[in-house]
Amino acid sequence: AFVFGNAAITAGTLGCILWHETGHLLALLLLHVPPQALKMTVFGLELAADPRTSHREDALVSLAGPAANLLASALLFFTPWKSAAKLNLLLGSFHLLPIDPLDGGQILQHLLSLRLQQKSVRRICTAVSLCFLFPMVTAGFWLLFQRTPNITLFLLCLYLLFYLVFGGAKT
């Protein structure tokens, strides 16, 4: 959105991202966990929390971002801002995919950590992430050759694959 989009798309995307991070922040505050840092990276915002939280709390905090987007989407759908509703729906749904480092991948990791050892959790999360990523990379590649080519999904999936393969994920 920031590279290829117009000003309205960029502003809308930024608003959806901020709302998403606000969902995470509200969940932390409701759990009485003070946020440690908010970092802006090339790939978005990262909210760091106290590392002493439980896996259940971490899963709830991870779920709160996409939930905030889905709630905003539902509310905005009945207003003149339908494009904002669609952006929130897209962002919230995408982040629920069980791909590390997305929120869905983090939720899966935390829920598995309740029962399994970290080595097993890492293997399962990597396998699930790859099972979702390969079809998405294929779809992104296919979109490159359509009447109106779109490189966004392909680049995003390549980034996620790079992140997964080269150890960006933490357990």
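Engineer: How should I be thinking about helix H6 (residues 152-165) in this particular structure?
Structural biologist: The end-to-end C-alpha distance of H6, which contains 14 residues, comes to 20 Å, matching closely the 20 Å that a straight helix rising 1.5 Å per residue would cover. Where H6 is concerned, the buried positions are Phe-154, Cys-157, Leu-160, Leu-161, Tyr-163 and Leu-164. Buried residues along H6 sit against helix H3 (82-95) and helix H5 (118-143).

Engineer: Where do I start with unusual backbone geometry in this structure?
Structural biologist: Trans is the prevailing form of peptide bonds, just as negative phi is the prevailing case for residues other than glycine. For the peptide bond that leads from Asp-100 to Pro-101, omega is 20°, which places it in the cis range. Mapped onto the elements, Pro-101 comes out in the loop between H3 and helix H4 (103-113). A positive phi angle is found at His-32, which is not glycine, with a value near 60°. Along the polypeptide, His-32 turns up in the loop between helix H1 (7-30) and strand E1 (35-41).

Engineer: For this particular structure, what's the right way to read the side chain of Ser-129?
Structural biologist: With respect to the secondary-structure elements, Ser-129 resides in helix H5. Within the structure, Ser-129 has its side chain in polar contact with the backbone nitrogen of Asp-100 (distance 2.9 Å). The residues touching Ser-129, leaving out its near neighbours within four places in the chain, are Pro-98, Ile-99, Asp-100 and Leu-164.

Engineer: What is the right way to read the packing of aromatic side chains from this model?
Structural biologist: The way to describe two aromatic rings as a pair is by their centre distance and the angle between their planes. Throughout the structure, instances matching the rule amount to five aromatic pairs. With 6.0 Å between their ring centres and 55° between their planes, Tyr-159 and Tyr-163 make a pair best called tilted. With Tyr-159 and Tyr-163 both in helix H6, this residue pair falls four residues apart, about one helical turn. When the ring centre of Phe-77 is taken as reference, the NZ or CZ atom of Lys-82 above it lies at 4.9 Å.

Procedures and definitions
- Residues numbered from 1 in each chain as written.
- Predicted model: local features only at pLDDT ≥ 70, side-chain atom pairs only at ≥ 80, totals over all residues.
- Heavy atoms only, no water.
- Helix = DSSP H or I, 4+ residues; strand = E, 2+ residues; numbered from the N terminus.
- Expected span 1.5 Å × (residues − 1).
- Buried < 20%, exposed > 50% of the residue type's maximum accessible area, 1.4 Å probe, protein only.
- Contact = heavy atoms within 4.5 Å.
- Polar contact = N/O pair within 3.5 Å; in protein donor to acceptor, adjacent residues only side chain to side chain.
- Phe/Tyr/Trp six-rings, centres within 6.5 Å; stacked < 30°, edge-to-face > 60°.
- Lys NZ or Arg CZ within 6 Å of the ring centre and 35° of its normal.

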